Each structure stands twice: as structure tokens, then as C-alpha cells.
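# Per-entry structural report
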Amino acid sequence: MSVRPASLRPAPLLAGLLATAGALHFLVPAPFDGIVPTALPGRPRDWTRASGAAELALAAAVALPATRRTGGLLAAGFFAAVFPANVKMAYDWRHRPAPLKAAAYARLPLQAPLVMWALKVSRSAASGSR
């Protein structure tokens, strides 16, 4: 069995990204609390925990071949669903120092590649490849 380069292993990398992000929601929740849209009911910390738990569940679904197709589709939907938090962050950080403002604005167009990555993982699972 040959080892495939990391660039050819989208499912394990996506699972790792989701697991890391999910864990950070519990280990360092304050930054995530600050980007929860105020229009959502309840406390920001509850939304931070819920989204962290969702990311951990998605990581597991993407990591397991039996659930990878569904996990990829759900991850794509999740990435689209959290886009309003990125918009809120960009708006809230518009007066911050240039590097922070640039980071907040850079997150906006990066959401589309995440959605595409998750869809690629789902499609590749459906076709039987990694």
C-alpha cells in the first residue's frame, strides 16, 4: 500500500480541521462568543458550544468511510450556515488595526473553498475514493 501525499487526502485533512476547530470552541471559547450574531436567541456561549460540538461530530462523520458522504454534505451546509458569524466579525473588526481587520475580511472569501472542499469529500466518498 502506498502512502498518498497530503494534497491527495482531502477527507482526513478536513476531519482534522473540523476536529481542531471544534476543540478550540471548548478550549478557548471567548473569541467564538464574540462573533455569534446578536440576532440569535440565547447566550453566545451556548452557540459556541453547540457549534463546537457540531464540528466535532462532523469531524467524526468525515473521518469514517461509512459516513463520509453524508458528513461531507453536512460539513458543506455547516460552513455555509456559519458564514453570518464571519460577516459579523468583519463588521465588528472594521476599526481594528490593519492586520486584524485584514484577517477578519480574509475569512469571508475563504468560506467558499471550505464548502467546495466538503462537497469534494462527499463526492469522492460516493465514488469510492478517499
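A brief look at the structure comes next. Since the structure is predicted, the reported quantities are computational estimates derived from the model, not experimental observations.

## Focus on the overall build of the protein
What the protein contains, in helices and strands, is six helices and zero strands. For the protein, the sequential pattern of α-helices and β-strands runs α-α-α-α-α-α. The dimensions of the protein, computed from C-alpha atoms along their principal axes, are 50 × 30 × 20 Å. Going through the 130 residues of the protein one by one, you find that 30% of them count as buried. For the protein, the share of sequence-separated contacts (at least 6 apart) that also reach a separation of at least 24 residues comes to 65%. Element-wise, carbon and sulfur atoms account for 71% of the exposed surface of the protein, whose accessible area totals about 7,700 Å². Within the protein, the 4 negative side-chain charges are centred at a point lying 13 Å from the centre of the 15 positive side-chain charges.

## A look at the packing of aromatic side chains
Scanning the entire structure with this criterion turns up one aromatic pair. When the ring centre of tyrosine 91 is taken as reference, the NZ or CZ atom of arginine 94 above it lies at 3.7 Å.

## Concerning the packing of helix 5 (residues 83–92) against helix 6 (residues 98–126)
For the pair helix 5 and helix 6, interaxial distance at closest approach is 8 Å and the crossing angle is 155°. One finds that helix 5 runs roughly antiparallel with respect to helix 6. The way helix 5 lies across helix 6 gives a crossing that is left-handed. Judged by residue contacts, Phe83, Asn86, Val87, Met89 and Ala90 of helix 5 engage Ala104, Tyr105, Arg107, Leu108 and Gln111 from helix 6. Within the contact of helix 5 with helix 6, the residues separate by chemical class into seven nonpolar, two polar and one charged.

## Some thoughts on helix 4 (residues 68–81)
Working note: α-helix, 3.6 residues per turn, so residues spaced by three or four point in the same direction. With 14 residues, helix 4 should reach 20 Å at 1.5 Å per residue; the first-to-last C-alpha distance of 19 Å fits that figure. Regarding helix 4, the residues found buried are Arg68, Gly71, Gly72, Ala75, Ala76, Phe78 and Phe79. Buried residues in helix 4, looked at end-on, bunch into an arc of 165°, giving them a common side. In helix 4, the exposed residues that point more than 90 degrees away from the buried face are Leu74 and Ala81. Where helix 4 is buried, its residues meet helix 1 (10–27), helix 3 (44–63), helix 5 and helix 6.

What counts as what
Residues numbered from 1 in each chain as written. Predicted model: local features only at pLDDT ≥ 70, side-chain atom pairs only at ≥ 80, totals over all residues. Heavy atoms only, no water. Helix = DSSP H or I, 4+ residues; strand = E, 2+ residues; numbered from the N terminus. Buried < 20%, exposed > 50% of the residue type's maximum accessible area, 1.4 Å probe, protein only. Contact = heavy atoms within 4.5 Å. Areas by Shrake-Rupley, 256 points an atom, 1.4 Å probe, with all protein chains shown as cover. Lys, Arg positive; Asp, Glu negative; His and termini not counted. Charge placed at Lys NZ, Arg CZ, Asp CG, Glu CD. Phe/Tyr/Trp six-rings, centres within 6.5 Å; stacked < 30°, edge-to-face > 60°. Lys NZ or Arg CZ within 6 Å of the ring centre and 35° of its normal. Axes fitted to C-alpha atoms, helices over the stretch in contact; angles between N-to-C directions. Parallel < 35°, antiparallel > 145°, perpendicular 65-115°, else oblique. Left-handed = near helix turned anticlockwise from the far one by under 90°. Nonpolar A, V, L, I, M, F, W, Y, C, P; charged D, E, K, R; others polar. Expected span 1.5 Å × (residues − 1). Arc of directions from axis to C-beta.

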